[in-house]
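Overview (structure and organization)
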Amino acid sequence: MAGVHVEQNPDAAGGLVASARRVVVLSGAGISTDSGIPDYRGPNGVWTKNPEAERNATLSVYLREPEVRVRAWRRRLEWDALDPRPNPGHHALVDLERQGRLHTLVTQNIDGLHQAAGSDPGRVIEIHGTIHDYVCMSCDRRGPMGEVLARVQAGEDDPPCEHCGGILKSATISFGQALVWEDLDRALEAVAGADLFLTVGTSLAVSPINQSVFVAADAGVPIVIVNGEPTEFDALAAAVVRDPISDVLPRLVSP
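Residues numbered from 1 in each chain as written. Predicted model: local features only at pLDDT ≥ 70, side-chain atom pairs only at ≥ 80, totals over all residues. Heavy atoms only, no water.

A tally of regular secondary structure across the chain gives 11 helices and 9 strands. For the chain, the spread of C-alpha atoms along the principal axes amounts to about 55 × 35 × 30 Å. Relative to its full complement of 255 residues, the chain shows a buried share of 47%. Taking as baseline every contact in the chain between residues at least 6 positions apart, the subset at least 24 positions apart corresponds to 67%. For the chain, the computed accessible surface area is about 11800 Å², with 50% contributed by carbon and sulfur atoms. Between the averaged position of the 22 positive side-chain charges in the chain and that of its 34 negative side-chain charges there is a distance of 3 Å. (Helix = DSSP H or I, 4+ residues; strand = E, 2+ residues; numbered from the N terminus. Buried < 20%, exposed > 50% of the residue type's maximum accessible area, 1.4 Å probe, protein only. Contact = heavy atoms within 4.5 Å. Areas by Shrake-Rupley, 256 points an atom, 1.4 Å probe, with all protein chains shown as cover. Lys, Arg positive; Asp, Glu negative; His and termini not counted. Charge placed at Lys NZ, Arg CZ, Asp CG, Glu CD.)

Here's what the structure looks like:
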């Protein structure tokens with residue numbers, strides 16, 4: 001699939017979205033860039049500019065190196081200070097839900113902006129977890145992130161679990177960490193039962209959720225890819241759109 005040239009066809013994408021009644025969406029970092037959150041693999045992505053950042057997102061490194069955890073907690077405080085807000089792309093998917101046509105929203109994002117925009121949490125599958133909770137890597141204790149950030153602000157560089165003394169991290173899925181397989185199964189089942197699979201702002205480079213494209217193709221579900229850069233799956237799509245997401249998505253979902 002790599003290297004296949006695929007023309008943009010926004011008119012075809014609009015027609016497919018307009019006729020769909022059971023849409024499953026897969027969103028990635030690109031939908032949140034207009035909220036001030038950089039993506040990962042784009043030209044200005046976090047990992048493109050700083051390959052070391054990808055290493056620091058690996059679970060074994062986080063568990064092994066205290067200095068990595070210290071930097072992670074500092075970055076988490078900085079993220080809160082940014083106070084990112086949903087943008088028109090997020091709100092467009094809320095509109096699609098209110099039209100009764102959005103069945104499931106699978107997101108690779110950990111930022112919670114879909115729910116902040118008004119998406120029904122029951123329809124959202126956070127396949128890579130959430131930055132708004134913490135989890136203990138020893139006893140699985142979980143709670144609101146604010147509890148730990150208050151300790152960091154009070155001077156604890158690498159706060160341990162207050163229950164067992166274990167290592168805490170955000171409740172996100174790092175490299176080398178298993179997904180919640182029930183979430184993955186639910187996502188793939190939703191894709192197979194859709195009448196349209198819409199991917200938005202994702203390079204489709206992260207496995208296993210990128211296999212959802214093959215699930216859709218095998219089930220005969222039309223695929224629409226909206227992303228700023230080409231993906232390796234563009235050749236499987238019925239339509240590809242590379243216009244800015246905050247501009248194109250509200251147009252695509254308008255009734």
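Turning our eyes to something else, we now look at the packing of helix α6 (residues 88-98) against helix α11 (residues 245-253). Running from N to C, α6 and α11 cross one another at 10°; their axes reach a closest spacing of 8 Å. When the axis of α6 is compared with that of α11, the two are roughly parallel. Judged by the sense of rotation from one axis to the other, the crossing of α6 with α11 is left-handed. For the pair α6 and α11, contact is made by Pro88, Gly89, Ala92, Leu93 and Leu96 and by Ser246, Leu249, Pro250 and Val253, respectively. Tallied by class, residues from the contact of α6 with α11 come to 7 nonpolar, 2 polar and no charged. (Axes fitted to C-alpha atoms, helices over the stretch in contact; angles between N-to-C directions. Parallel < 35°, antiparallel > 145°, perpendicular 65-115°, else oblique. Left-handed = near helix turned anticlockwise from the far one by under 90°. Nonpolar A, V, L, I, M, F, W, Y, C, P; charged D, E, K, R; others polar.)

Let us look at the pairing of strand β7 (residues 196-200). Taking burial as the measure, the 5 residues of β7 include 5 buried ones, the bulk of the element. Of the two faces of β7, the one holding Leu196, Leu198 and Val200 and the one holding Phe197 and Thr199 are both buried throughout. Here β7 runs beside strand β8 (residues 223-226); their pairing, made up of 4 bridges, is parallel. Note that in β8 the partner of Thr199 across the bridge is Ile225. Considered for its hand, the β-α-β crossover made up of β7, helix α10 (residues 212-218) and β8 is right-handed. (Pairing = 2+ DSSP bridges. Right-handed = clockwise from strand over helix to strand, strands pointing away.)

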